[in-house]
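Architecture and fold: a report
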Amino acid sequence: MPLAAATPALAQTRTPDRAGSVQVRGFITAVLPDGAITDVDTDIVGLPAGTQTKANDNVVPTLAIEYFVTNAFSIETICCLTQHDVDGTTGLPGAELVADAKLVPATVTAKYHVDLGGAKPYVGAGPAYFIFIDEKPGAATIPLGVTDFDLSDELGFALQAGIDVPVNDAGLIVSLDAKRYFIDTTARWHAGDTLAIRTEHRLDPWVLSAGMGLRF
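Residues numbered from 1 in each chain as written. Predicted model: local features only at pLDDT ≥ 70, side-chain atom pairs only at ≥ 80, totals over all residues. Heavy atoms only, no water.

Right, let's get into the pattern of salt bridges. The full count for this structure, using the stated rule, is 13 salt bridges. Residue lysine 54 pairs with aspartate 57 through a salt bridge whose shortest N-O separation is 3.8 Å. According to the relative accessible area criterion, lysine 54 is partly exposed, its value standing at 35%. A residue is classified by how much of its surface remains accessible, and aspartate 57, at 43% relative accessible area, is partly exposed. Across the pair glutamate 76 and lysine 111 runs a salt bridge whose closest N-O atoms are separated by 3.1 Å. Taken as a pair, glutamate 76 in strand S5 (residues 73–79) and lysine 111 in strand S7 (residues 96–113) lie far apart in primary sequence, 35 residues in all. Assessed through its relative accessible area of 2%, glutamate 76 is described here as buried. Note on lysine 111: relative accessible area 0%, which makes it buried. Through salt bridges with shared partners, a single ionic network connects Arg25, Glu66, Glu76, Lys111, Asp164, Asp177 and Lys179. (Salt bridge = Lys/Arg side-chain N within 4 Å of Asp/Glu carboxyl O. Buried < 20%, exposed > 50% of the residue type's maximum accessible area, 1.4 Å probe, protein only. Helix = DSSP H or I, 4+ residues; strand = E, 2+ residues; numbered from the N terminus.)

Right, here's the structure in full:
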C-alpha cells in the first residue's frame, strides 16, 4: 500500500519528455562586438599610422526558436537585427568611419541539455552567417571624398551556453543565454569608382541575453 501511494508522487515529479516539442524564447540582448582592424589591404588616402577602430555596443530584442530532437538534444535558430557604428580609437580617435551598419546574424546551433531536476543548463555550437544591410560611410570619411561603403557578408562560427529555469508545469521558463561568435568582415570605402580604403576587421561579438520562453 505505501508503495502504491508513492507511485503517483514519483510520476508527478518526473521530468516530462521534451522530444518533438518546440520552445520559443524572447530576449533582451546585448550585442558587444570588437571591430578592430586586423589588416589594411588598400589605403590611397593615407590613414595615420596605428589607426585602430571599435564597433559600438547595442541592445536589441531577439527571438529564439528551438526544436527538441530528443529530450537532451535540440536545434535552435535566432532572429534579430542589430545596428552599429564603427569609430576610430587610435590614429583617428572619435572619428566615425562606419554609420548605421545593420546586421542580421543568421545562426543555427546544435544544443545539448543537462537536466538537473529544476534548472536545465545547456551548451551549443553551430554556423553563423553575418548579413550586413544598408551600411553607410561614416561622417569622418565623407570629406575625404568617400561616396560609397560596404561590409562583406561572412560565414563564421558560434559557441553557446545558457540555462533554462522552469516557472510552471505549462512550459513557461526563465532563460539566460550567452554566445560568442568568431567571424571577420572586409570593409571597403569607395571614392566614385575608385577603391580608396579596404580593411579587414575582427567582429567576434559577445551576445548576452536574458528573457522568458514557452514550450509547446
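Attention now moves to the confidence of the model for the protein. Chain-level pLDDT for the protein is 91 on average; 93% of the residues reach the 70-or-more range. Predicted confidence is poor over residues 1–14, with pLDDT under 50, and the contacts of this stretch with residues over four places away or in other chains come to 0 contacts. (pLDDT = per-residue confidence, 0-100. Contact = heavy atoms within 4.5 Å.)

Now for the side chain of histidine 190. Along the chain, histidine 190 turns up in strand S13 (residues 184–191). The exposure class assigned to histidine 190 is buried, which follows from its relative accessible area of 19%. What histidine 190 contacts, discounting residues up to four positions off in sequence, is Gly145, Val146, Thr147, Asp148, Asp150, Leu195 and Ala196.

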